[in-house]
Amino acid sequence: MIKERITSGLFIETSDESETEIVTVDDVKAKLNIDFAAHDALINDILKQCRGQIEQKINRSLVSRDVVAVWKEAFDWVEIPFSPVTGALTVTDLDDAAIETEYKVVGNKVYGDFENGLKLTYSTDVFTNERVKRALIDMTAEKFTDRDTPIYELLKMHAINLI
């Protein structure tokens with residue numbers, strides 16, 4: 001019997017993000033030439049929304065967080081969401097029982113047959129480079145000045161060569 005690559009039912013739960021952002025409200029305000037605090041809360045909200053879109057696009061975490069990723073079914077391999085992983089990676093089935101079949105972790109993928117589902121528990125570290133920071137600043141500033149443009153549209157414009 002040949003099993004097709006099936007990955008379904010992904011559910012991700014993350015902890016509250018760390019307080020440390022790779023881009024600050026002050027970075028965005030500098031881009032916008034704003035030197036007063038009246039819009040800080042709004043800029044911070046937009047910054048977090050833009051960061052979330054970039055994280056989904058590049059499958060990397062831009063803040064430290066704890067993650068629980070659960071797949072109802074996973075055969076062959078799954079990509080670990082929000083890498084890079086720091087510390088221990090706990091691999092269990094959906095009932096938190098140790099996986100009895102062989103599995104292997106290579107880079108940001110876990111290989112194996114997980115017929116009883118798969119649950120990964122881990123912490124992430126911050127991924128960043130100057131292109132990611134620049135895209136995040138530009139997207140946030142642009143969204144602040146043009147609130148009608150959806151963030152995913154801004155991501156299309158700024159997401160060239162993020163990694």
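Residues numbered from 1 in each chain as written. Predicted model: local features only at pLDDT ≥ 70, side-chain atom pairs only at ≥ 80, totals over all residues. Heavy atoms only, no water.

## Remarks on the packing of helix α1 (residues 25-32) against helix α3 (residues 130-145)
Note the following rule: To obtain an axis, a line is fitted to C-alpha atoms, over the contacting stretch when the element is a helix, and the angle between two such axes runs from 0 to 180 degrees between their N-to-C directions. Only DSSP runs of H or I reaching four residues or more are called helices, and only runs of E reaching two or more are called strands; each is numbered from the N terminus. Crossing chirality is assigned from the near helix's rotation relative to the far helix, an anticlockwise turn below a right angle marking it left-handed and a clockwise turn marking it right-handed. Contact criterion: two residues are considered in contact whenever any of their non-hydrogen atoms come within 4.5 Å of each other. Lys, Arg, Asp and Glu make up the charged group, whereas Ala, Val, Leu, Ile, Met, Phe, Trp, Tyr, Cys and Pro make up the nonpolar group; the residues left over, Gly among them, are polar.
Contact geometry of α1 with α3 gives a least axis separation of 9 Å together with a crossing angle of 65°. Taken as a pair, α1 and α3 cross one another with a handedness that is right-handed. Residue-level contacts link D27, V28, K31 and L32 of α1 to R134, I137, D138, T140, A141, F144 and T145 of α3. Across the contact of α1 with α3, the residue classes tally to 5 nonpolar, 2 polar and 4 charged.

## Topic: the packing of aromatic side chains
Defined as follows: Think of it this way: a Phe, Tyr or Trp ring, Trp meaning its six-membered ring, pairs with another when their centres are within 6.5 Å, and the plane angle makes it stacked under 30 degrees, edge-to-face over 60, tilted otherwise. Throughout this description, the term charge over a ring refers to an Arg CZ or Lys NZ atom that lies within 6 Å of the ring centre and within 35 degrees of the ring normal.
Within the structure shown, the criterion is met by 0 aromatic pairs. Of note, R60 hangs over the ring of F127, and the distance from its end group to the ring centre comes to 5.3 Å. Geometry around F144 places R147 over its ring, the cationic atom sitting 4.7 Å from the centre.

## With respect to the sheet that holds strand β2 (residues 11-14)
As a reminder, the rule being used: We treat two strands as partners when DSSP finds at least two bridges between them.
In space, the 4 strands of this open sheet follow the order β2-β3-β8-β5, with antiparallel pairing throughout. Only two strands of the sheet have a single neighbouring strand rather than two, namely β2 and β5 (85-92). The sheet shows a mean angle of 15° between the axes of neighbouring strands, direction not considered. Where β5 and strand β8 (residues 118-124) come together, 5 bridges link them in antiparallel fashion. Across the sheet, the residue bridging to T92 is K119, located in β8.

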